[in-house]
Amino acid sequence: RQRVLVADKGIDKVMIYRLDTAVGRLAPHDPPFARLHAGAAPRHLAFHPNGRYLYVNGEADMTVTAFAYDGARGLLEELHSVSTLPEGAAGARLSTAQILVEPGGRFLYVSNRGHDSIAIFAIDQGTGRLSPLGHRATLGHTPRNFAIDPAGTFLYAANQNSDTIVHFRLERASGRLTPTGDVTTIGGPVCILFG
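Residues numbered from 1 in each chain as written. Predicted model: local features only at pLDDT ≥ 70, side-chain atom pairs only at ≥ 80, totals over all residues. Heavy atoms only, no water.

**A word on the sheet that holds strand β4 (residues 42–47)**
No. 1: Strand order in the open sheet made by the four strands is β4-β5-β6-β7, with antiparallel pairing throughout. Two strands close off the open sheet at either side, each with one partner strand: β4 and β7 (75–83). Adjacent strand axes in the sheet meet at a mean angle of 25° when their direction is disregarded.
No. 2: Bridge count for strand β5 (residues 53–58) against strand β6 (residues 63–70) is six bridges, and the pairing is antiparallel. (Pairing = 2+ DSSP bridges. Helix = DSSP H or I, 4+ residues; strand = E, 2+ residues; numbered from the N terminus. Axes fitted to C-alpha atoms, helices over the stretch in contact; angles between N-to-C directions.)

Okay, here's the thing in structure tokens:
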């Protein structure tokens, strides 16, 4: 059974569809969605490598909502929601952008536009719940996107409004991000993909 999950920012839901690969058609699943809290504005989804947990960043309210995912039945059950900002952080035009789980499945990362940081969370492997580990400044402005290389060694932060991609070493034991000193200059980077 194949499903397609879609973050619908306008209605604070993750829509769930069944995919009929024989005819290339989507049909609403039963239930057809999982609801997030009002005002979350879900932007992106990130699955844990084990397929049992799903994480959704709330673009408007600077949150991550963790779900348990039952792949056999296509059901999402909310675990909890946590802030992507440090306590007391404020600023104009704040929003989250990208969300990724590193390949080892131990850490989750979310970029904060306006705060110009990446929030770092530890993932409890038994429950899927998140524990905040801190923040790393992206050393640029408006981190709209970032990518982690397939080996899980480096994270590349695309700072759209400072025209830079800043390179970080991802510390496998702690999840910490350490700047390597390498910066790629490029006009308005908005997406990084590994082929």
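**Side note on the side chain of Asp 116**
No. 1: Tracing the chain through its elements places Asp 116 in the loop between β9 (107–113) and β10 (117–123).
No. 2: Arg 113 is the oppositely charged side chain nearest to the buried, salt-bridge-free Asp 116, at an N-O distance of 8.3 Å.
No. 3: Polar contacts involving the side chain of Asp 116 include one to the main-chain amide nitrogen of Thr 142, which spans 2.8 Å.
No. 4: Apart from the residues lying within four places of it in its own chain, the contact partners of Asp 116 are Arg 136, Ala 137, Thr 138, Gly 140, His 141, Thr 142 and Pro 143. (Buried < 20%, exposed > 50% of the residue type's maximum accessible area, 1.4 Å probe, protein only. Lys, Arg positive; Asp, Glu negative; His and termini not counted. Salt bridge = Lys/Arg side-chain N within 4 Å of Asp/Glu carboxyl O. Polar contact = N/O pair within 3.5 Å; in protein donor to acceptor, adjacent residues only side chain to side chain. Contact = heavy atoms within 4.5 Å.)

**Observations regarding the nonpolar core**
No. 1: Within the largest apolar cluster, 14 residues are counted, with the highest numbers of intra-cluster contacts made by Tyr 55, Val 64, Ile 99, Leu 108, Phe 121 and Leu 130.
No. 2: Within the residue set of this core, elements represented by two or more residues are β5, β6, β8 (95–101), β9 and β10.
No. 3: Considering every element that reaches this core, the biggest residue donor is β10, with three residues.
No. 4: Setting aside anything within four residues of it in sequence, one finds Leu 108 in contact with Tyr 55, Val 64, Ile 99, Leu 100, Val 101, Ala 119, Ile 120, Phe 121, Ile 123 and Leu 130. (Core = buried A, V, L, I, M, F, W, Y, C linked by side-chain atoms within 4.5 Å.)

**Notes on the sheet that holds strand β14 (residues 164–170)**
No. 1: As summarised here, the arrangement of the four strands in space is β12-β13-β14-β15, forming an open sheet in which the pairing is antiparallel. Strands at the two margins of the open sheet, each flanked by one partner only, are β12 (143–148) and β15 (177–185). Within this sheet the neighbouring strands show an average axis-to-axis angle of 25°, counted without direction.
No. 2: As defined by bridge partners, β12 adjoins strand β13 (residues 154–159) across five bridges and the pair is classed as antiparallel. By the bridge assignment, Asn 145 is partnered in β13 with Ala 158.

Remember, this is a structural readout, not a statement about activity or role.
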